[in-house]
Amino acid sequence: MERARNDEPEQDFGSRDVFRTPSFYGFVETWVRPVPALTLSTDAQITGPMKVPHYAGYILRDRLEQSPTFFEWGANVAYRIGIEQDLYVEPFVGLRNILDSYQDDFDRGPERDAGYVYGPRMPRTVFGGIKGGM
């Protein structure tokens, strides 16, 4: 567990904790090549709870919220196709944030706190493309 602290308490909430700083974080990535042309990869990221300021507008009073823990998982597959001696193309496809981990308590309407945002940046996303090289 980590703890990021300020020397002095923050003025709005009186907390010394640094906001939007998770108490723990981890990332792991792995890939395998079951055959020389095929690459399978996967990654996972965990972001622990953090304190997030939530200012009045959509809610009645300012509050210091505790975010949940987020777990993100992604996977990717690529296949290298040789065209000539040193020339290749490699189509790939993947999925980010497979479990669709996200913040589920956004403010709404004209009185919302635009700064009340935390958690994974992207929803579940399918991606693909082609890269090439020599």
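Located above this text is the structure these notes cover.
Residues numbered from 1 in each chain as written. Predicted model: local features only at pLDDT ≥ 70, side-chain atom pairs only at ≥ 80, totals over all residues. Heavy atoms only, no water.

A. Spotlight on the environment of Arg 124. Its place among the elements puts Arg 124 in the loop between strand E7 (88–96) and strand E8 (125–133). Overall, the relative accessible area of 46% leaves Arg 124 in the partly exposed class. For the pair formed by Arg 124 and Met 134, sequence separation is ten residues and the distance between their alpha carbons is 33 Å. In contact with Arg 124, other than residues within four places in its own chain, are Leu 95, Arg 96, Asn 97, Ile 98, Leu 99 and Asp 100. (Helix = DSSP H or I, 4+ residues; strand = E, 2+ residues; numbered from the N terminus. Buried < 20%, exposed > 50% of the residue type's maximum accessible area, 1.4 Å probe, protein only. Contact = heavy atoms within 4.5 Å.)

B. Inspection of the side chain of Ser 15 at higher detail. Here Ser 15 is to be found in the segment before strand E1 (25–35). Looking at Ser 15, the relative accessible area reads 8%, which means it is buried. In this structure the side chain of Ser 15 is engaged in a polar contact, spanning 3.1 Å, whose partner is the backbone nitrogen of Asp 17. (Polar contact = N/O pair within 3.5 Å; in protein donor to acceptor, adjacent residues only side chain to side chain.)

C. Inspection of unusual backbone geometry at higher detail. Notably, Arg 20 is not glycine yet its phi reads approximately 60°, a positive angle. Topologically, Arg 20 is positioned in the segment before E1. Even without glycine at this site, Asp 100 takes up a positive phi of about 55°. Considering the arrangement of structural elements, one finds Asp 100 in the loop between E7 and E8. Residue classification places Asp 100 among the partly exposed residues on the basis of a relative accessible area of 24%.

D. The packing of aromatic side chains, seen in detail. Under the defined criterion, the tally for this structure stands at five aromatic pairs. Judged by centre distance (6.0 Å) and plane angle (45°), the rings of Phe 70 and Tyr 118 are tilted. Of this pair, Phe 70 sits in strand E5 (residues 70–79) while Tyr 118 sits in the loop between E7 and E8, placing them 48 residues apart in sequence. For Phe 70, a relative accessible area of 3% puts it in the buried group. Measuring from centroid to centroid gives 5.6 Å for Tyr 116 and Tyr 118, while their planes differ by 70°, and the two rings are edge-to-face. Like Tyr 118, Tyr 116 is buried. (Phe/Tyr/Trp six-rings, centres within 6.5 Å; stacked < 30°, edge-to-face > 60°.)

E. The nonpolar core, seen in detail. Counting residues in each nonpolar core, the largest one holds five residues, listed as Met 50, Val 52, Phe 70, Tyr 116 and Tyr 118. Once you skip the residues sitting within four places of it in the chain, Phe 70 turns out to touch Gln 45, Ile 46, Thr 47, Ser 101, Tyr 102, Gln 103, Tyr 118, Gly 119 and Pro 120. (Core = buried A, V, L, I, M, F, W, Y, C linked by side-chain atoms within 4.5 Å.)

F. Looking closely at the pattern of salt bridges. Summed over the entire model, instances satisfying the criterion amount to five salt bridges. Measuring nitrogen to oxygen at the nearest pair gives 2.8 Å for the salt bridge that ties Glu 65 to Arg 63. The exposure class assigned to Arg 63 is partly exposed, which follows from its relative accessible area of 42%. A salt bridge links Glu 90 to Lys 131, with the nearest nitrogen and oxygen atoms 3.5 Å apart. With a gap of 41 residues between them, Glu 90 in strand E7 and Lys 131 in strand E8 connect regions that are remote in the sequence. Look at Glu 90 and you get buried, because its relative accessible area is 8%. Judged by relative accessible area, which is 44%, Lys 131 ranks as partly exposed. (Salt bridge = Lys/Arg side-chain N within 4 Å of Asp/Glu carboxyl O.)

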